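# Overview (structure and organization)
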Amino acid sequence: MGTTIVAVRYRDGIVVGADTRTSVSGYVSNRYATKVSFVMEQDDFGLKLDLPSDIQTRSSLKKKKRVENNKHEEKEHNDEHTESEELQSTTTMRPKTFLDSSSLSCSTCCICRSGSAADTQYLADAVRHQILKRRILNRSKSSISNVAHLIKNYLYNNDLQASLICAGYDHMRGTGVIYSIELGGTIVEQPYYACSGSGSGYVIGYIDDRLMSDTSSSRTTDNGLLVTTEEEAIELVGNSIELAMDRDGSSGGVVRIYVMNRNGKREMIRVPSRKLMVSTTGTAAAGGDDWKNDDTLLLTTTSSASSSNLSKFAPAQRPTG
């Protein structure tokens, strides 16, 4: 699965992006594949986790029974303290932490996949299963570091052909976090960006030049965090993947971009306008995939005619045709 995946950290979160081409040697098997898999979301993938788990319910019932027995014994010895003991036992019987933690924000984490499509899909599903299992049984919210180290263990103990980027907004640290995980399980936390895949070699210099020019200026804070806006991070990710798609034969299709911050995630699709030439018959093709969808053609024409950088982005819709 030839790929270009990029993750950039900005002031309020993370922006990740990937191309959509899946290839088998020289054959393009899928033009619109999704190479970004989410393993944690704020809404826990729609599960209703506000209710206590079975373990917590049994523990609460046992605790309630012990308290009632203690109340009965104390009432026989001293009736005048019965009221105060009831108030104290009621407070003690109340389930404490699993309901209070639901009000806290939850991390949003994704895995950007490059390597074998089968291996990376299996890995993403296994990690998501383990994270949700921990969330349901223990009511414990995981961090980006937990996910990254779980991926590392899978790669280290299994012969999987995968080079991944684990990135997201960490609710514990209150900032975006990026981990690059290579073959064999080598894991490195990246302070600014991560880039991987067959097309990464074409754009690492471009990203370095853009970010180093930012870090050398007064746009950094005391902790070294790049003060880059969301729009600038989106533009950097989109341009980087487009440049890789121009040179790398295993990268193509469209650019899927995801923004993750304290509000959750947002998806958008960018059509690589540099590779498109619009003909009078309504078919756009040049050096890449053929486009015969009227909505896509309208999006491309509008983005090329507009002077705004953000006009290249639109709500995610899977192209057809």
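Structure: see above.
My aim in this report is to walk through the structure given alongside it, one point at a time. (Residues numbered from 1 in each chain as written. Predicted model: local features only at pLDDT ≥ 70, side-chain atom pairs only at ≥ 80, totals over all residues. Heavy atoms only, no water.)

## Observations regarding the overall build of the chain
When you go through the chain residue by residue, the secondary structure sums to eight helices and 13 strands. By residue count, 45% of the 321 residues in the chain fall in the buried class. For the chain, restricting intrachain contacts to residue pairs at least 6 apart in sequence, the fraction spanning at least 24 positions comes to 67%. (Helix = DSSP H or I, 4+ residues; strand = E, 2+ residues; numbered from the N terminus. Buried < 20%, exposed > 50% of the residue type's maximum accessible area, 1.4 Å probe, protein only. Contact = heavy atoms within 4.5 Å.)

## Focus: the nonpolar core
The biggest cluster of nonpolar side chains holds 22 residues, and the ones touching the most others in it are Leu123, Val127, Val147, Ile151, Leu155 and Cys166. Sorting the residues of this core by element identifies strand S5 (36–40), strand S6 (108–115), helix H4 (117–138), helix H5 (144–157), strand S7 (162–170) and strand S8 (175–181) as the ones contributing at least two each. A total of six residues in this core trace back to one element, the largest contributor, which is H5. Once residues lying within four places of it in the same chain are set aside, the contact partners of Ile151 are Ile111, Leu123, Val127, Leu164, Cys166 and Ile181. (Core = buried A, V, L, I, M, F, W, Y, C linked by side-chain atoms within 4.5 Å.)

## Overview of H5
The terminal C-alpha atoms of H5, which comprises 14 residues, lie 20 Å apart, in line with the 20 Å expected from a rise of 1.5 Å per residue. Inspection of H5 places Ile144, Val147, Ala148, Ile151, Tyr154 and Leu155 among the buried residues, and these make up the whole buried set. Down the axis of H5, the smallest arc covering the buried residues is 120 degrees, so these residues share one side. For H5, exposure combined with an orientation more than 90 degrees from the buried face picks out Tyr156 and Asn157. Summarising the contacts, the buried residues of H5 are in contact with S5, S6, H4, S7, S8 and strand S9 (187–190). (Expected span 1.5 Å × (residues − 1). Arc of directions from axis to C-beta.)

## Section: the pattern of salt bridges
Counting across every chain of the model gives nine salt bridges. With its nearest N and O atoms 4.0 Å apart, the salt bridge here joins Arg11 to Asp12. Residue classification places Asp12 among the partly exposed residues on the basis of a relative accessible area of 40%. The closest approach of N and O atoms between Arg256 and Glu267, which form a salt bridge, is 3.6 Å. Residue Arg256 is located in strand S11 (residues 255–261), and its partner Glu267 is located in strand S12 (residues 264–270); the two are separated by eleven residues in the primary sequence. (Salt bridge = Lys/Arg side-chain N within 4 Å of Asp/Glu carboxyl O.)

## Some details on the packing of aromatic side chains
In this structure the tally under the stated criterion is one aromatic pair. Measuring from centroid to centroid gives 5.2 Å for Phe38 and Tyr258, while their planes differ by 70 degrees, and the two rings are edge-to-face. Of this pair, Phe38 sits in strand S5 while Tyr258 sits in strand S11, placing them 220 residues apart in sequence. Like Tyr258, Phe38 is buried. (Phe/Tyr/Trp six-rings, centres within 6.5 Å; stacked < 30°, edge-to-face > 60°.)

## Some remarks on the packing of H4 against H5
Between H4 and H5, the least distance of the axes is 10 Å, while the angle of their chain directions is 130 degrees. The orientation of H4 relative to H5 falls into the category oblique. Crossing geometry of H4 relative to H5 is assigned as right-handed. Here Tyr122, Leu123, Ala126, Val127, Gln130, Ile131 and Arg134 of H4 come into contact with H5, specifically with Asn146, Val147, Leu150, Ile151, Tyr154 and Leu155. A per-class count over the contact of H4 with H5 returns ten nonpolar, two polar and one charged. (Axes fitted to C-alpha atoms, helices over the stretch in contact; angles between N-to-C directions. Parallel < 35°, antiparallel > 145°, perpendicular 65-115°, else oblique. Left-handed = near helix turned anticlockwise from the far one by under 90°. Nonpolar A, V, L, I, M, F, W, Y, C, P; charged D, E, K, R; others polar.)

## Section: the sheet that holds S6
Paired through their backbone hydrogen bonds, the strands of a sheet run either parallel or antiparallel. The five strands lie next to each other as S5-S6-S7-S8-S9, forming an open sheet whose pairing is antiparallel. Every interior strand has two partners, whereas the edge strands, S5 and S9, have only one. In this sheet, adjacent strand axes meet at a mean angle of 25 degrees when their direction is disregarded. As paired elements, S6 and S7 share eight bridges and run antiparallel to each other. Its bridge partner lying in S7, Ile111 is registered against Cys166. Of the strands in this sheet, S5, S6, S7, S8 and S9 touch H5, which is tilted by about 165 degrees from S7. (Pairing = 2+ DSSP bridges.)

## Describing the pairing of S8
Across the seven residues of S8, seven count as buried, placing the element largely inside the fold. As defined by bridge partners, S7 adjoins S8 across seven bridges and the pair is classed as antiparallel. Paired with Gly168 across the strands is Val177, a residue of S8. In textbook terms, the turn of a hairpin is the stretch between consecutive antiparallel strands, and for S7 and S8 this stretch comprises four residues, one of which, Gly174, has a positive phi near 70 degrees.

## What to know about the pairing of S12
Note that S11 and S12 share seven bridges and pair antiparallel. Along S12, the bridge assignment pairs Asn261 with Gly264.

## Thoughts on the environment of Val127
Its place among the elements puts Val127 in helix H4. As for Val127 and Val147, which are separated by 20 residues in sequence, their C-alpha atoms are 7.3 Å apart. Excluding residues within four positions of it along the chain, Val127 makes contact with Val39, Ile111, Val147, Leu150, Ile151 and Tyr154.

So, to be careful, I would describe these as geometric facts and stop short of saying anything about function.
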